[in-house]
Amino acid sequence: MPAGYIIAQIDVSDAAAFEEYRALVPSTIKQYGGEYIIRGGKQEDLEGSPNPRTVVVRFDSFEQARKWYYSAEYEKPKALRQAASSGNAVLVEGV
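Residues numbered from 1 in each chain as written. Predicted model: local features only at pLDDT ≥ 70, side-chain atom pairs only at ≥ 80, totals over all residues. Heavy atoms only, no water.

Enquirer: Got a minute to help me understand empty space enclosed by the protein in this structure?
Expert: Vacant regions in the atomic arrangement are exposed by a probe of water-molecule size rolled over the atoms. The full count for this structure, using the stated rule, is one cavity of 30 Å³ or more. Counted as a void, the largest cavity has a volume near 200 Å³. Lining the largest cavity are 18 residues, and of these Ala8, Ile10, Tyr21, Val55 and Arg81 sit closest to its centre. Those elements giving two or more residues to the lining of the largest cavity turn out to be strand E1 (4-12), helix H1 (15-31), strand E2 (35-39), strand E3 (53-59), helix H2 (62-69) and helix H3 (72-84). (1 Å grid on protein atoms, 1.4 Å probe; cavity = no way out; pocket = protein on both sides within 12 Å on 5 of 7 lines; lining within 4 Å. Points joined across faces, edges and corners; volume = space filled by probe spheres on them. Helix = DSSP H or I, 4+ residues; strand = E, 2+ residues; numbered from the N terminus.)

Enquirer: Just to check I follow, could you spell out H1 for this structure?
Expert: Owing to its 3.6 residues per turn, the α-helix brings residues three or four apart onto one side. Taking 1.5 Å of rise per residue, 17 residues should cover 24 Å, and H1 covers 25 Å from first to last C-alpha, within 8% of that figure. Its maximal kink placed at Leu24, H1 deviates by approximately 30 degrees, while the proline Pro26 follows within four residues. All of the buried residues in H1 are Ala17, Phe18, Tyr21, Val25, Thr28 and Ile29. Each element contacted by the buried residues of H1 is listed here: E1, E2, E3, H2, H3 and strand E4 (85-93). (Expected span 1.5 Å × (residues − 1). Bend = angle between axes of the 7 residues up to and from the residue. Buried < 20%, exposed > 50% of the residue type's maximum accessible area, 1.4 Å probe, protein only. Contact = heavy atoms within 4.5 Å.)

Enquirer: In this structure, what is going on with the side chain of Ser85? I would like to understand it.
Expert: Tracing the chain through its elements places Ser85 in strand E4. Overall, the relative accessible area of 10% leaves Ser85 in the buried class. A distance of 2.7 Å separates a polar side-chain atom of Ser85 from the backbone oxygen of Arg81. (Polar contact = N/O pair within 3.5 Å; in protein donor to acceptor, adjacent residues only side chain to side chain.)

Structure follows, in structure tokens:
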């Protein structure tokens, strides 16, 4: 079964609130069997609009990634992230 990936590019506007998000979210990802593939780090924007932070999280399937994103466990952290940053997030089926 192909893996599911959440890919987010984020521009943080409230660092303190975003740190609260960062403290809460890893346990929710682990609960749904996900793992960070990329979490910040050095980045060079080659095309398109720059976003200072990229995160990639891998789940066992597209469906499992979707369950995590819409889960009750991620609801509060997601609201914190949305209030503390702007950007894009996509769910992608991998190979």
